[in-house]
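# Notes for the structure review
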Amino acid sequence: MVQECDVAILGGAFSGASLAILLRREVPKLRVLVVERSEKFDRKVGEATTEISGDFLSKRLGQMTYLAHHQLSKQGLRMWFAQDETTPFEECAEIGANYQVRMPAFQLDREALDTHLLETAVRAGAELWRPAKVVDMDATAGRLTVQRGGETLEVRARWIVDASGRAATLARKFGTWRPLDEHPTNAIWARFRGVRDWDGHELRAKHPKFGASCIASRAAATNHLTGYGWWCWIIPLKGGDFSAGLVYDSRLFTPPESGGLGHRLKAHLMAHPVGREIFADAEAIENDVKAYSKLPYFSTEVAGPGWQMIGDAAGFLDPLYSPGLDYCAWSVRLALGRIKAEAAGGAVDLGRINRRFRQSYDTWFRALYKDKYYYLGDAELMSAAYWMDISLFYLGPVREITNARGPDLDCLPFNGPVDGAVGRFMAFYNRRLAVIARKRREAGCYGRRNTGWRELGDGFVPDPRALGSFFRGFKRWIGAEVHALSLRSRPALAPPAVTARPVPIS
Ligand SMILES: Cc1cc2nc3c(=O)[nH]c(=O)nc-3n(C[C@H](O)[C@H](O)[C@H](O)COP(=O)(O)OP(=O)(O)OC[C@H]3O[C@@H](n4cnc5c(N)ncnc54)[C@H](O)[C@@H]3O)c2cc1C
């Protein structure tokens, strides 16, 4: 049996469902088929949006009301530092916002969100096969082989879109899938019950300085614990559970090694004074604990005649700052712009899409992530990056969506001459901060200001006021450069690996 359609989408989670919704709304004459392997989604990572993916969900997909009722509003990101596991909780350095955020962003239960988006795609007129698995394809000839309910079916489509996530079905078939070996990061994560309320009476009464020092909700933020070579996310979910995960660079850090994954993750969280306070009574939810090694990868080509890759099927970089769903949104817009243009009889330069995707991915990596794990655990260095990275994100990509939104085919960041220059500048200071971190390790003063201060800003806005935050970070970077001039290597005095050792848990 052969099924004909215009667009066949492999995978119906965030990326696949979003593209199906937009295609049906913006080019209703196209017949869209979504093939989704799972019978039911489960909870997964990709729970914190930025302002880019928040805007995509709330405005472009028109889901603001759904998000307000069924998901949580996110209150920015917050970072916590400690000298070692004995640092008193109230002394841990904190960077974040003092006030609630000004732009929509969300903490997502992905099982609920992806289910809702796929239902929305079906309501918009997409056909859904589920559970059904794509077992073979000839993308250049527009042919898919699908197994569904014991039958093997053939699908013919003018466009095949791979939204299969890390399975990256098409990239692996074409041999264009590549690991990013320069960035050896890995992750372990779980959902927890019984996490203490960051904003509640118990913690505020026990630690009055902590309670009085911030106006915004800390619980609603994405909280980050940090150390040399690693960071942890703590994300609240609607209903009271928390998602927590550890991401580490295997050149610099090894997580606790004994016990099951959930036990190892909790042992690590408990080794940080802030984690200990928040997770003391928490328990990892059974069967909701996972790990991935070698997180980053990409496809050397993401578009070709009759096919395109979107979301994680095209590549993934690093979860720090939550850019995953941003890239999903951007790559969905690219596929949408291309299919719309071709459906209207136009020709799209696919080579340009491939060049721009590679350039954007590579610049993003060098600007934000390359060797960042060397300085993540040093409050002073990370604070310099925090203010510069986020203000430039607001002045670049976030400004693009709040001002005159450009065409979908031009949505990727770091492609224009100005963006490109900003990307190179970011790569420069990122590299310098990593060099200073190494010098500090050798001189025994890594994390020298990890205690006794909080830096809570007014919040970011996508206009020239963000320059104030940028210069705050810039000054701190220059200060660190000046301090580094006086550093001499003193290996004998190297500090303990900051908060790296697990403490026993009851
Ligand atoms: C540790 C970690 C933490 C992260 N944290 C964040 C974060 O906080 N914020 C953020 O924005 N991003 C985050 N990300 C990234 C985010 O999870 C992904 O970018 C996002 O989930 C990708 O969505 P997707 O729809 O492209 O793919 P997926 O969500 O993986 O969906 C792929 C779908 O394809 C289906 N499928 C696969 N193979 C087949 C087949 N052969 N036939 C039919 N269907 C198939 C699957 O069943 C699945 O439903 C994180 C990633 C990692 C690794």
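Residues numbered from 1 in each chain as written. Predicted model: local features only at pLDDT ≥ 70, side-chain atom pairs only at ≥ 80, totals over all residues.

What follows is about the sheet that holds strand β14 (residues 230-236). Spatial ordering of the open sheet is given by β16-β12-β15-β14-β13-β4-β5-β21, a layout of 8 strands whose pairing is mixed. With partners counted over all chains shown, the strands left at the sheet margins are β16 (283-292) and β21 (454-457), one partner each. Pairwise comparison of adjacent strand axes, ignoring direction, gives a mean angle of 15 degrees for this sheet. Summarising the sheet, strand β4 (residues 77-81) and strand β5 (residues 93-97) pair through 3 bridges and their orientation is antiparallel. Residue pairing across strands places F81 opposite A93, the latter belonging to β5. Lying over the sheet, helix α8 (residues 261-270) contacts β12 (185-193), β14, β15 (242-249) and β16, oriented at roughly 95 degrees with respect to β16. (Pairing = 2+ DSSP bridges. Helix = DSSP H or I, 4+ residues; strand = E, 2+ residues; numbered from the N terminus. Axes fitted to C-alpha atoms, helices over the stretch in contact; angles between N-to-C directions. Contact = placed C-beta atoms within 7 Å.)

Turning our attention to the sheet that holds strand β17 (residues 297-299). With antiparallel pairing, 3 strands are arranged side by side in an open sheet as β11-β17-β20. Each edge of the sheet is formed by a strand with only one pairing partner; in this case those strands are β11 (177-179) and β20 (315-316).

This paragraph deals with the site of the ligand. If you check the shell around the ligand, you find 39 residues, and the closest are G11, G46, G165, G311 and G324. Put simply, the parts of the chain that give the shell around the ligand at least two residues each are α1 (14-26), β8 (133-138), β12 and α10 (324-343). When its residues are assigned to classes, the shell around the ligand shows 17 nonpolar, 15 polar and 7 charged. Both domains that meet at the shell around the ligand, namely domain 1 (1-71 + 109-178 + 299-370) and domain 2 (75-108 + 181-292), each give it at least three residues. (Near = placed C-beta within 6 Å. Nonpolar A, V, L, I, M, F, W, Y, C, P; charged D, E, K, R; others polar. Domains from an automatic or database assignment.)

It is worth spelling out the domain arrangement of the chain at this point. With domains assigned, the chain is organised as domain 1 (1-71 + 109-178 + 299-370) and domain 2 (75-108 + 181-292). Using only C-alpha atoms to locate each centre, domain 1 and domain 2 end up separated by 30 Å. Each side of the interface is counted separately: domain 1 has 24 residues, and domain 2 has 20 residues. Of all the secondary-structure elements, those providing two or more residues to the side of domain 1 that touches domain 2 are α2 (51-60), α3 (64-70), α4 (110-123) and α11 (350-369). Here the element with the most residues in the side of domain 1 that touches domain 2 is α2; it accounts for 5 residues. For the side of domain 1 that touches domain 2, a count of residues per class yields 9 nonpolar, 7 polar and 8 charged.

Let's shift gears to the packing of α1 against α4. The relative placement of two packed helices is expressed as an angle between their axes plus a distance between the axes. Orientation of α1 relative to α4, taken along the N-to-C sense of each, is 25 degrees, at an axis distance of 8 Å. The angle between α1 and α4 places the two elements in the roughly parallel class. Of the two elements, α1 crosses α4, and the hand of that crossing is left-handed. Contact residues: F14, A17, S18, A20, I21 and R24 in α1; D114, L117, L118, T120 and A121 in α4. Taken together, the residues that form the contact of α1 with α4 break down as 7 nonpolar, 2 polar and 2 charged. (Parallel < 35°, antiparallel > 145°, perpendicular 65-115°, else oblique. Left-handed = near helix turned anticlockwise from the far one by under 90°.)

A8, I9 and L19 are the most contacted members of the largest nonpolar core, which totals 156 residues. It is helix α12 (residues 379-402) that provides the largest number of residues to this core, a total of 15 residues. When sequence neighbours within four positions are dropped, the list of residues in contact with L19 reads I9, V161, A163, I310, V332, A335 and L336. (Core = buried A, V, L, I, M, F, W, Y, C linked by C-beta atoms within 7 Å. Buried ≥ 20, exposed ≤ 12 C-beta atoms within 10 Å, placed from the backbone.)

Moving on to the pairing of β15. Of all 8 residues making up β15, 8 are buried, and the element is well covered by its neighbours. Here β15 shows a buried face lined by F242, A244, L246 and Y248 and a second buried face lined by S243, G245, V247 and D249. Sheet topology places β12 next to β15; 8 bridges connect them, and they run antiparallel. Residue pairing across strands places I188 opposite L246, the latter belonging to β15. Across 7 bridges, the pairing between β14 and β15 is antiparallel. For W233, the partnering residue across the bridge sits in β15 and is G245.

Turning our attention to the confidence of the model for the chain. Of all residues in the chain, 96% attain a pLDDT of 70 or more, and the chain-wide mean is 94. Overall, residues 493-506 carries pLDDT values under 50, and its contacts beyond four positions in sequence, including any with other chains, amount to 38 contacts. (pLDDT = per-residue confidence, 0-100.)

Let's shift gears to the packing of α12 against helix α14 (residues 466-485). Across the interface, α12 lies against α14 with an axial gap of 8 Å and an inter-helix angle of 150 degrees. Of the possible angle classes, the one that applies to α12 and α14 is roughly antiparallel. As for the relative orientation of α12 and α14, their crossing is left-handed in sense.

Of all 6 residues making up strand β13 (residues 222-227), 6 are buried, and the element is well covered by its neighbours. Of the two faces of β13, the one holding T222, H224 and T226 and the one holding N223, L225 and G227 are both buried throughout. Here 5 bridges tie β13 to β14, and the two strands are oriented antiparallel to one another. Residue pairing in the sheet places N223 in a bridge with I234 of β14. Hairpin connection from β13 to β14: 2 residues lie between these consecutive antiparallel strands, with G229 at a positive phi of about 90 degrees.

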